[in-house]
Amino acid sequence: MVDEIQMGKTRLKIQQGDIVEAGTEALVNAANSALAGGSGVDGAIHRVAGPELYKLTRVFGGCPTGSAVITGAGRFPLPTRYIIHAVGPMYNLMDENNRSRLLASVYRKSLELADEKQVKSIAFPAISTGVYGYPITQAAPIAIQTTLDYLTQTPQTSLEQVLFILFSAHDFEVYQQVLGAVG
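Here we summarise the structure given alongside this text. What you see is a predicted model; the values in this text were computed from it and never measured.

Conventions used here
- Residues numbered from 1 in each chain as written.
- Predicted model: local features only at pLDDT ≥ 70, side-chain atom pairs only at ≥ 80, totals over all residues.
- Heavy atoms only, no water.
- Buried < 20%, exposed > 50% of the residue type's maximum accessible area, 1.4 Å probe, protein only.
- Helix = DSSP H or I, 4+ residues; strand = E, 2+ residues; numbered from the N terminus.
- Contact = heavy atoms within 4.5 Å.
- Core = buried A, V, L, I, M, F, W, Y, C linked by side-chain atoms within 4.5 Å.
- Phe/Tyr/Trp six-rings, centres within 6.5 Å; stacked < 30°, edge-to-face > 60°.
- Pairing = 2+ DSSP bridges.
- Axes fitted to C-alpha atoms, helices over the stretch in contact; angles between N-to-C directions.
- Polar contact = N/O pair within 3.5 Å; in protein donor to acceptor, adjacent residues only side chain to side chain.
- 1 Å grid on protein atoms, 1.4 Å probe; cavity = no way out; pocket = protein on both sides within 12 Å on 5 of 7 lines; lining within 4 Å.
- Points joined across faces, edges and corners; volume = space filled by probe spheres on them.
- Nonpolar A, V, L, I, M, F, W, Y, C, P; charged D, E, K, R; others polar.
- Right-handed = clockwise from strand over helix to strand, strands pointing away.

### Thoughts on helix α1 (residues 40-49)
Argument step 1. Where α1 is concerned, the buried positions are Asp42, Gly43, Ala44, Ile45, His46 and Ala49.
Argument step 2. Residues of α1 that are buried in the fold lie against β3 (26-30), α2 (52-58) and β5 (82-86).
Argument step 3. Gly50, located one to two residues past α1, shows a positive phi value of around 80°.

### What about the nonpolar core?
Argument step 1. One finds Ile84, Tyr107, Ile122, Phe124, Phe164 and Tyr175 to be the most contacted residues of the largest nonpolar core, which totals 41 residues.
Argument step 2. Here the element with the most residues in this core is helix α4 (residues 136-153); it accounts for nine residues.
Argument step 3. When sequence neighbours within four positions are dropped, the list of residues in contact with Tyr175 reads Ile14, Tyr107, Ala126, Ile136, Ala140, Ala143, Ile144, Phe164 and Leu166.
Argument step 4. By size, the runner-up hydrophobic cluster in this structure holds twelve residues, among which are Ile19, Ile45, Ala49 and Phe76.

### Observations regarding the packing of aromatic side chains
How two aromatic rings sit relative to each other is set out by the distance from centre to centre and by the angle between their planes.
Argument step 1. Using the criterion set out here, one finds five aromatic pairs in the structure.
Argument step 2. Here the aromatic rings of Tyr107 and Phe164 are separated by 6.2 Å at their centres, their planes lie at 45°, and the arrangement is tilted. Here Tyr107 is found in helix α3 (residues 96-116), whereas its partner Phe164 is found in strand β7 (residues 161-166), with 57 residues between them in sequence. Take Tyr107 and Phe164: they sit in the same class, and that class is buried.
Argument step 3. Geometrically, the ring pair formed by Phe124 and Phe164 is stacked, given 5.4 Å between the ring centres and 20° between the ring planes. Of this pair, Phe124 sits in strand β6 (residues 121-124) while Phe164 is found in strand β7, placing the two residues 40 residues apart along the sequence. The burial state of Phe124 is the same as that of Phe164; both residues are buried.

### A closer look at the sheet that holds β7
Argument step 1. Here seven strands make up an open sheet; going across it, the order is β1-β2-β7-β6-β3-β5-β4 and the pairing mixed. Only two strands of the sheet have a single neighbouring strand rather than two, namely β1 (4-7) and β4 (68-72). On average, adjacent strands in this sheet sit at an angle of 20° to one another, irrespective of strand direction.
Argument step 2. One ladder, built from five bridges, connects β3 with β5; its direction is parallel. Looking at the pairing, Asn29 lines up with His85 of β5.

### Comments concerning the side chain of Asn29
Argument step 1. Within the secondary structure layout, Asn29 lies in strand β3.
Argument step 2. There is a polar contact of 3.4 Å between the side chain of Asn29 and the side chain of His85.
Argument step 3. In this structure Asn29 touches Val41, Asp42, Ile45, His46, Ile83, Ile84, His85 and Ala86, once residues within four positions along its chain are discounted.

### A short note on the pairing of β3
Successive residues of a regular strand alternate their side chains across the two faces of the sheet.
Argument step 1. Counted residue by residue, β3 has four buried out of five residues, so it is predominantly covered.
Argument step 2. As paired elements, β3 and β6 share two bridges and run parallel to each other. Paired with Ala26 across the strands is Ile122, a residue of β6.

### Observations regarding the layout of surface pockets
Argument step 1. Considered as a void within the structure, the largest pocket measures approximately 540 Å³ in volume.
Argument step 2. Lining the largest pocket are 28 residues, with Ala30, Gly40, Val41, Ala126 and Gly130 sitting closest to its centre.
Argument step 3. Contributions of two or more residues to the lining of the largest pocket are made by α1 and β7.
Argument step 4. If one sorts the elements of the lining of the largest pocket by residue count, α1 sits on top with four residues.
Argument step 5. Of the residues assigned to the lining of the largest pocket, the class counts are 15 nonpolar, ten polar and three charged.

### Considering the pairing of β7
Argument step 1. Burial runs high along β7: six of the six residues are buried.
Argument step 2. Here β7 shows no split at all, with Gln161, Leu163 and Ile165 on one side and Val162, Phe164 and Leu166 on the other all buried.
Argument step 3. In the sheet, strand β2 (residues 10-16) pairs with β7 via six bridges, with the strands oriented parallel. The residue of β7 that forms the bridge with Leu12 is Val162.
Argument step 4. In this sheet, β7 lies alongside β6 in parallel orientation, the contact comprising four bridges. Paired with Ser121 across the strands is Gln161, a residue of β7.
Argument step 5. Note that the unit made of β6, α4 and β7 has a crossover that is right-handed.

As structure tokens, this is what we get:
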């Protein structure tokens with residue numbers, strides 16, 4: 001099974017684990033539109049980052065679905081310097097075209113924000129697949145294809161590593177299958 005591919009100077013890799021232990025310069029948080037912390041990935045990132053993260057996100061007054069904002073990383077140890085708060089769609093609240101468009105948008109916006117800050121490494125969770133109910137088998141192809149498209153269309157990207165960290169063995173296997181099909 002494939003767990004990494006090279007796209008120009010950027011290595012795209014998948015692994016099973018806990019995103020708070022990624023050791024990347026930027027972490028993507030599967031955030032809610034209020035940027036108020038929550039459960040799952042969002043709760044884990046807020047616990048490590050500490051109360052500073054609430055102060056950093058409060059200035060935005062929220063974030064629309066399909067978009068993202070970037071803040072400092074609070075108490076995260078280096079090399080993590082940034083948290084990208086990405087608001088994916090809730091699966092049951094919209095039709096197929098809108099939810100897939102918004103999910104792709106949140107990955108693209110996260111990558112754009114990383115490039116604006118000249119980030120070299122970024123870690124993504126499986127956005128919207130937890131409490132937002134997006135089936136992993138539908139979300140994984142969108143996440144990987146959007147990332148590959150971005151890297152192809154942005155040859156001057158600062159990104160040297162894009163990491164997808166999947167918490168469960170099942171989610172990891174789905175991402176492996178998808179990456180194997182495109183890689």
